[in-house]
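Below, each chain spelled out in residue letters.
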Amino acid sequence: METKAQFIKEIRQYKDYDVELIGRAYDKAKQLHAGQLRKSGEPYMIHPIAVAIILAQLGMDDETLVGGLLHDVVEDTEYTREQLVEDFGEEVALLVDGVTKLGTLKYDNNREIAQAETLRKMFLAMSKDIRVLIIKLADRLHNMRTIEYMSPQKIIEKSTETLEIYAPLASRLGIYTIKFELEDLSLKYLHPDAYESLKKEVTEKKEQRERFINEVIQEIREALDAVHMKYDISGRSKHLYSVYKKMVLQHKQLDEIFDLTAVRVIVESVKDCYAVLGQVHTMWKPLPGRFKDYIAMPKPNMYQSLHTTVLGDNGEPFEIQIRTYEMHRVAEYGIAAHWKYKEGNTSGVQNSEDMKLAWLRQTLEWQKDLNDPREFMETLKMDLFSSQVFVFTPRGEVIDLPAGSTPLDFAFKIHTDVGCHCVGAKVNGKMVTIDHPLNNGDIVEIVTSQNSSGPSIDWLKIAKSSTARNKIRQWLKKQNKGDDVARGKDALDKYIRKKDYDPQQIERLKYLSQAQKELGFATLDDAYKQISQGGSVLSRFANLLFGYYNDEQEEEQQRKKRKEEEMLNPTPKKEREDRKRRENPGILVKGINNLMVRVARCCNPVPGDDIIGFITKGRGISVHRKDCSNITSLPEQEHARLIEVEWEDLRAGMSYAADIVVICSDRKGIFSDISRTCEDQDVRIEGVNTKATRDESLHITLTLMLNNTQQMQKILRTLRNVGGVTHVYRAKS
């Protein structure tokens, strides 16, 4: 492992770094990782040092190197984010936090969901500072360099993730030095036989190719020296993964790959680039269709260069790349080039790089609308892997789209309204359908109609770009809002029937409106939409409706009963007042008098239960058991409506309704035995609901009038001793 002095000496050969700040970070990392080992058995400190050196090679700034040295301390040690802010500032903490995995969350052992959530967090951090991703790429590169010590399964997982996510991200940032090495390392572990075979073949012919390239370089030197042009020239070999991909996708042999070796010419100006191109084309014959002008039409990561493939004197094709010194810096280091060559103000750098990070902004926009991690990963991979096609608007503006894009993708890239009202297109002046594949150089004009019915589900099969597909999804989602209301109503109706209630009696407008307000929904439609999404809202909403209905039924029965009694035997005023006091639920509201209080029917608390009050809108205080699902699932903003209540000293004979569930065999006379048991315990049965099940057992819900929880526990124990009874428990709300 490198000493601190060796580490400082190495990074200073790339840039004049703040040795005091980075030295402090080195010491802190060494202290915190002391005693920790890597899978190889080496001290863990080797890893953060290697990450910081990779960042220095990219020419990153002081804070990024500090973030690289400390990127694992919050996740793997007792060191907190607050301590990190205190020691090194908020800027470094933001970088470290963005790189840290979501190690504290649980994902039901689903690696794909964990991966998607980690990437979501990283993308969010990237929106604040792109250096987060550059640290992550350096971290992944060193891990891939030392991955052989992991288990075979872990090697496959990490190599696949690197190839599918991190190498394309490096490409998007234009950091090709990292991209190429990540791809070659992934190939080495995912396809070891192919890697070794290819490496052997390439090495065997290396001498022959180098001799040929040196001859080409000498000829170009002589031509450029003759016109007194300033230049640098070099040869390069294509990296192995790129060769492998061409062989697999294009079914080619090694000898058939034209750009296995290439010559790169670097000059001072764009004008010189085209002058060199003209010179090269007079020396060798260019191959048709093999010229690419990335200077006029840069890649999305703003890579710029001229690529041309020409036929050598020996009949062997080879590639020549021509670019300026500035283009070369961007090609090698991508976004990192702007820390390497522009000192100081990174915020100014960020502003100047808005164009180069347009893809990131788009990614952040569409990822907010994707709730399914699998959909997120699919769209991310599609966005990262797609090669580009460049087309023109009628005004000559260049529009870049994924290869295979259609007029539909073009229309949504222009504007959402243009896409939604697209009915066709003109490509190079000819009418085409919306699924017509676009080619480089096409001039595209969209035909729209205000009478268009808008996107359909089939458009998702036609669109190739993530931008178009997500705008189509959003439009379809808006149109389906009415369907959500209908689905919510249907779900509520089915739930009410399942609980043996009549929907016509339960779904009265006054009940529905009251439940909607009590649960905090702005409109009834909003409640239905939420119900359609599933979850606990359905049962909470329905239980409120049942409570309103049962309360009203009970009040109506008591009114009828009183009226009948008064007709048969008119009672004196004092006796009526005594009865009114007996009907009071016997509950005190802390600190408040003279409030209407009622016992909630959803959970039926009895004296001895822990209770809580809920301030309803227009119906006073509703008293629930503290473990009632309608209380435990209340949204946080509703907690302010909870109020402390308590049982008062109750008079003898005062009773409360409570629901008891009895599960028993369907034998003759069992209900008679249950009824007799209740009678023996002096417990009145107020209501009965019986349901037979497929396993030939009975589920009996008894509404019993009880004085307190002690009486409830006693009747539960007694009922369990009845022959044929298997389970007895208090019903939950």
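Parameters and conventions
Residues numbered from 1 in each chain as written. Predicted model: local features only at pLDDT ≥ 70, side-chain atom pairs only at ≥ 80, totals over all residues. Heavy atoms only, no water. Pairing = 2+ DSSP bridges. Helix = DSSP H or I, 4+ residues; strand = E, 2+ residues; numbered from the N terminus. Axes fitted to C-alpha atoms, helices over the stretch in contact; angles between N-to-C directions. Parallel < 35°, antiparallel > 145°, perpendicular 65-115°, else oblique. Left-handed = near helix turned anticlockwise from the far one by under 90°. Contact = heavy atoms within 4.5 Å. Phe/Tyr/Trp six-rings, centres within 6.5 Å; stacked < 30°, edge-to-face > 60°.

Draft legend 1. Structural detail: the pairing of strand β9 (residues 422-427). As judged from the 5 bridges shared by β9 and strand β11 (residues 444-448), these two strands associate in the antiparallel manner. Each bridged residue has a counterpart across the sheet, and for G424 the counterpart in β11 is V447. Counting the residues between successive antiparallel strands, the hairpin from β9 to strand β10 (residues 430-432) contains 2 residues, one of them, N428, with a positive phi of roughly 55°.

Draft legend 2. Main features of the packing of helix α4 (residues 62-69) against helix α7 (residues 90-99). Where α4 meets α7, the closest approach of the two axes is 9 Å, and the angle between their N-to-C directions is 50°. Classified by the interaxial angle, the pair formed by α4 and α7 is oblique. α4 and α7 meet at a crossing whose hand is right-handed. The segment α4 lies against α7, with E63, T64, V66 and G67 engaging E91, V92, L95 and V96.

Draft legend 3. Molecular detail of the sheet that holds strand β13 (residues 597-599). If you walk across this open sheet you meet the 4 strands as β13-β15-β14-β16, and the pairing is mixed. In this open sheet, the two strands that pair with only one neighbour each are β13 and β16 (642-643). Pairing geometry for strand β14 (residues 611-615) and β16, over 2 bridges, is antiparallel. Within β16, the residue paired with G613 across the bridge is I643.

Draft legend 4. Layout of the packing of aromatic side chains. Scanning all chains against the criterion turns up 11 aromatic pairs. Centre to centre, the rings of F412 and W459 are 6.4 Å apart; their planes meet at 75°, and the pair counts as edge-to-face. Of this pair, F412 sits in helix α21 (residues 407-414) while W459 is found in helix α23 (residues 459-462), placing the two residues 47 residues apart along the sequence. Taking 6.2 Å as the distance between ring centres and 90° as the angle between the ring planes, the aromatic pair formed by Y501 and Y549 counts as edge-to-face. Residue Y501 is found in the loop between α25 (481-498) and α26 (503-506), and its partner Y549 is found in helix α29 (residues 537-568); the two are separated by 48 residues along the sequence. Grouping aromatic residues by their ring pairs yields a cluster made of Y176, F180, Y294 and Y303.

Take it as geometry only, folks, not as evidence of what the structure does.
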